[in-house]
Amino acid sequence: MAHLLIELFSEEIPARMQVRAREDLKTLVTNGLVEAGLTYAGAGAHSTPRRLTLAIEGLSAQSAATVEERKGPATTAPDAALEGFLRSTGLGRDQLEIRDDKKGQVYFAVIKKEGRPAAPIIAEVLEHTIRTFPWPKSMRWGSGNLRWVRPLHSILCLLTDEAGSEVVPLTVDGIASGNTTAGHRFLAPARFSVTSFDDYTAKLKRAFVMLDSAEREATIWQGAQNLAFAAGMEVVEDRALLAEVAGLVEHPVPLMGRIDAGFLGLPPEVLQTSMREHQKFFSARNPKTGRIEGFITVANTQPSDHGAVILKGNQKVLTARLSDARFFWENDLRVAKAGMGEWLDALDSVTFHNKLGSQKARIDRIAALAREIAPMVGADADTAEQAAKVAKADLRSAMVGEFPELQGLMGMYYAREAGLPEAVALAARDHYSPLGPTDAVPTEPVSVAVALADKIDTLTGFWAIDEKPTGSKDPFALRRAALGVIRLVLGNGVRVEAQEVLRGCFERRHSIEMLALSESIKARTIADLVAGRQTEAEVKLALESNEWVHQYDFMEASSAIPDSVDEGTLAAAEQIADSFVSHEGGKRWRWEVMPKLHDLLSFFHDRLKVFLKDQGIRPDVIEACLAMPNNDDLTLLVKRAEALASFLKTDDGTNLLQGAKRAANILAQAEAKDGVEYSFGADIKFAETDSERALFAALDAADAKIAPAMAGEDFAAAMTAMAALRAPIDAFFTDVQVNADSEILRRNRLNLLHRIRALCAGVADFSKLEG
Amino acid sequence: MADFSSAPRSFQEIILRLQSYWADKGCAILQPYDMEVGAGTFHPATTLRSLGTKAWAAAYVQPSRRPTDGRYGENPNRLQHYYQYQVIIKPSPPDMQELYLGSLAAIGIDASLHDIRFVEDDWESPTLGAWGLGWEVWCDGMEVSQFTYFQQVGGHDCRPVSGELTYGLERLAMYVLGAEHVMDMPFNAPDAPIALSYGDIFRQTEEEYSRHNFDGADTAQLLRHFEDAEAECQRLLDFPALDPKSGKTIIMAHPAYDQTIKASHLFNLLDARGVISVTERQAYIGRVRALAKKCADAFRLTEAGKDAEVVA
């Protein structure tokens, strides 16, 4: 058994890429070794800013010898068949064996592969790994052609066994493998040789390199907490920052400083974000004041002055950064206190999407929609509209310009400064939520209204311009928006007919388009008539032949209408435009807009299926509920699906499902055979057996309970009532033969089965259910 | 080699030490390009010379202009006119990082006292059609240089790769000299008979140019000049390669590239005047990039820019 140590030593690897890279190194090398016939007991990968390291334990000294036997053509087969076989096996004719087979004599190839020593296999696998390494971004350097994340300087590749250690020789683009590495860039830059993984880690430690990133993280975190504790503060936890900082240092030394009192008036999120984004500082909070008052920076060196110079430098940079932040904050406050009008006006000149107009236009749409949605979520319509109008104002603030991740949050602070109601401020903060599948869903009614309006406007807008997600491409995060709508609706139990809301959005957009079309046709027609280029009849003809619609669509309407037009021409043009657009508008609505509306609804249903599947509800259960009316009321739909799912988990549920399916199958067969639908008139007077009569009674009883339960949307009660049918249905199928000789009895029984089918169909589409 | 053992005392001493250091390391010390540029990278000694296979090593100070950064000389850290120190070496030597750290030591940044870090920062110049990978170099949390391995310039793959260093001189010097406000920084030796601060030299010009950039510049004229530069660049490149007068092949890559530089600066001024909308911005950048690419294409056909014959 041998141990393998690999180190790829380079210039500084971006922190964010290190974890993935060391895992890739492990996977690619171990897979390569195993494919080549080696085995190993364990493997561990490490990374620092300057190295990727892989240690493999218990590696076999050589690959196992293999013997493969392959049956070839019969000895009597044509030469061509034999030649093909020889080619595919790489053997000569005299190397083949001839064996007896059922049908005569057949060629056999016995391909023996000798075991190979580990070293050449490792060399091949490592070179291939280096040359094909999946860096998210890689580069060339100097005159070479090799690609690596940053220039690669040395390859350590050492195979160790009882006899000692030996370099595995390989050369990649002029870099020859060896047994040496280097320590910390400044504290121990000399190269040194190693004999094993243990020797390597020990010598690195002496050379001021902590190889294990978990150890670096622990050292940073522990050190930061100690420093904060000594200053009477606590470190604000930030896992992502911790991982990033651990990827920036080989020898972490935390240092703590205080934030100048002059900056403590800034919102804590601003301090934290500025320090994290620009300087990778941790924030320290004073538990007495609740404010962020200190910072912790992590140096990558053991300074001779205990860090006084480093801390002073960092403090200075922080002061400059926070001066900028305070400058932004103070400027923003001026605009905010004045009501944010300056920002709102400026949003007019910010394009949201070139086919969907400016941010201002978008905000107006969202405000109208928020107003419409408000009563459905229990929000005040005026407040919801007001909130939507200002919720995105902070996009023009200097602070959000500097720190885009503070959007919404700054909106909240600025809305408060503007003296707006707290519900408006919270809506500014929360209307982007929920962003991920797990983050919190807003519950404040005004926030819910604006959050829904924001997402629905985005979805309907992009659907209208045919920019929906395809495959893995979803550049406008529309899947996330749809999931956001679903979570907002379900999380707040919102009752809304989604189709109506979506239709409203499409309608408004459509009528604006048609108005613009009408205006441009009018303008063009007037221009043509005045200039005498065309007669009225010619314009009409051209429009009907659809020849010019595209031109008319792109005309600048307002600028094109001449100042003095006689009333007759004006009226004629208006009449031409109106009649064309009313026809064209209807056509486009039917053939272009409505299909988009339905497509968007089914997109919602697809997202809902994914969402509910994650919650443990089977897709077929959702299908069975989707087939029911009012399926655009997502809260109702989910309530139904949840009740059905839990019903189907019970013994009664599964059995009833089978009974119902059996009834439906018998009916379907009979209906297909007889060419009629059995749907009415089961009469108890034709019932012959007790089981039959019992089923009549049970169905009557269930009907009496299910109808009011369904009316009250009490699906659980309806399901319980259905459960009572299980025994009578089972007994009916045991005792009664549906296809009786008597045609009267048969029809009556089929009509009785129909009652089961109809009753079930009132709850869900059982035919969609599996099992 | 100059004596780097004591700490530098003035802005110009830092520049002189860098010049001396890089001269000592074998770079040709060039002078600033005589045009208005946004950054040292625009100097043809970097942009054009990073193309082709010929080896190259140059270092120079480049006065740079960013009209939108004007603060009337009031902001301690922001200027519309400032200096960059630029080093470009092709092919990038294997010890480029060590060479760079040596230059920091030369200007008094002692690695045993400071925390020097290479933090991921991929460089991209949309106007030059150029990108590279590298870092911003931090000294005690402050960005003191940009370090880039050029991968593409003017749409051409860089083969071999150039290593580029850009030092923001004012910021670096303020740190080394311990100045709080750029205008207070000593420009020449503080004990010189006529001691001059940075502000003595540049406060007035910062005021004048800030007013010019934000309010004074005639936008209609700037727009016209932009169009002119664009047309002129194209016109120069459209000449047949053979010069009838000298009988030589002379492609006017550099004169055409001057027009690209001009267009780029005019765009920056227009941007500062606030007359370019968000959507137009991209279009203008695209137009400058198209010029840069054409100049790069042209330069690749010249003696200095073509690939060396491959000896079989």
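Scroll up for the structure.
Residues numbered from 1 in each chain as written. Chains lettered and ligands numbered in written order. Predicted model: local features only at pLDDT ≥ 70, side-chain atom pairs only at ≥ 80, totals over all residues. Heavy atoms only, no water.

Things to note about the interface of chain B and chain A
- The interface is formed by 40 residues belonging to chain B together with 41 residues belonging to chain A.
- A combined buried area of about 3,300 Å² lies between chain B and chain A, and 51% of that area is made up of carbon and sulfur atoms.
- Contact with chain A buries surface across chain B, with Leu113, Arg117 and Glu120 of chain B losing the most and accounting together for 17% of the total.
- Salt-bridge contacts for aspartate 122 of chain B lead to lysine 137 of chain A; the nearest nitrogen and oxygen are separated by 2.8 Å.
- At the boundary of chain B and chain A, one finds 20 residue pairs in polar contact (both at pLDDT 80 or more).
- Those elements that place two or more of their residues in the side of chain B that touches chain A are α3 (96-106), β4 (116-120), β6 (130-139), β7 (142-153) and α4 (169-177) of chain B.
- With five residues, the top contributor of residues to the side of chain B that touches chain A is β4 of chain B.
- Looking at the side of chain B that touches chain A, its residues break down into 19 nonpolar, ten polar and eleven charged. (Contact = heavy atoms within 4.5 Å. Buried area = accessible area lost by both parts, 1.4 Å probe. Salt bridge = Lys/Arg side-chain N within 4 Å of Asp/Glu carboxyl O. Polar contact = N/O pair within 3.5 Å; in protein donor to acceptor, adjacent residues only side chain to side chain. Helix = DSSP H or I, 4+ residues; strand = E, 2+ residues; numbered from the N terminus. Nonpolar A, V, L, I, M, F, W, Y, C, P; charged D, E, K, R; others polar.)

Looking at the nonpolar core
- If you look at the biggest cluster of nonpolar residues, it comprises 149 residues, and the most contacted ones within it are Leu459, Leu644 and Leu753 of chain A.
- Among the elements that make up this core, the one with the highest residue count is helix α15 (residues 445-464) of chain A (twelve residues).
- Leucine 753 of chain A has contacts with Ala663, Ile666, Leu667, Phe732, Phe733 and Val738 of chain A, leaving out every residue within four places of it along the chain.
- Core analysis: the second largest hydrophobic core is formed by 88 residues, Leu4 of chain A together with Ile15, Val61 and Tyr198 of chain B among them. (Core = buried A, V, L, I, M, F, W, Y, C linked by side-chain atoms within 4.5 Å. Buried < 20%, exposed > 50% of the residue type's maximum accessible area, 1.4 Å probe, protein only.)

So, the packing of aromatic side chains
- Under the defined criterion, the tally for this structure stands at 35 aromatic pairs over all chains.
- Taking 6.0 Å as the distance between ring centres and 65° as the angle between the ring planes, the aromatic pair formed by tyrosine 83 of chain B and phenylalanine 202 of chain B counts as edge-to-face. Linking tyrosine 83 of chain B in strand β3 (residues 81-90) with phenylalanine 202 of chain B in helix α5 (residues 198-216), this pair joins segments that are 119 residues apart in sequence.
- Looking at phenylalanine 202 of chain B, the relative accessible area reads 10%, which means it is buried.
- Each residue in the set Tyr85, Tyr100, Phe118, Trp135, Phe147, Tyr149 and Tyr167 of chain B is aromatic and connected to the rest through ring pairs, giving one cluster.
- A cation sits over an aromatic face here: arginine 99 of chain A above phenylalanine 108 of chain A, 4.4 Å from the ring centre. (Phe/Tyr/Trp six-rings, centres within 6.5 Å; stacked < 30°, edge-to-face > 60°. Lys NZ or Arg CZ within 6 Å of the ring centre and 35° of its normal.)

What about the packing of helix α10 (residues 359-377) of chain A against helix α17 (residues 498-531) of chain A?
Residue and element names in this part refer to chain A.
- It is at 12 Å that the axes of α10 and α17 come closest, and there the two elements cross at 155°. When the axes of α10 and α17 are compared, the pair comes out roughly antiparallel. The hand of the α10/α17 crossing is right-handed. Packed against α10, whose contacting residues are Arg365, Leu369, Glu372 and Met376, the element α17 presents Val501, Cys505, Arg508 and Arg509 at the interface.
- The residue makeup of the contact of α10 with α17, split by class, is four nonpolar, no polar and four charged. (Axes fitted to C-alpha atoms, helices over the stretch in contact; angles between N-to-C directions. Parallel < 35°, antiparallel > 145°, perpendicular 65-115°, else oblique. Left-handed = near helix turned anticlockwise from the far one by under 90°.)

Notes on the environment of alanine 61 of chain A
All names here are of chain A.
- Inspection of the secondary structure puts alanine 61 in the loop between β3 (51-59) and β4 (66-74).
- It is 8.8 Å that separates the C-alpha atoms of alanine 61 and aspartate 161, two residues lying 100 residues apart in sequence.
- Discounting chain neighbours no more than four positions away, the residues touching alanine 61 are Arg116, Pro117 and Ala118.

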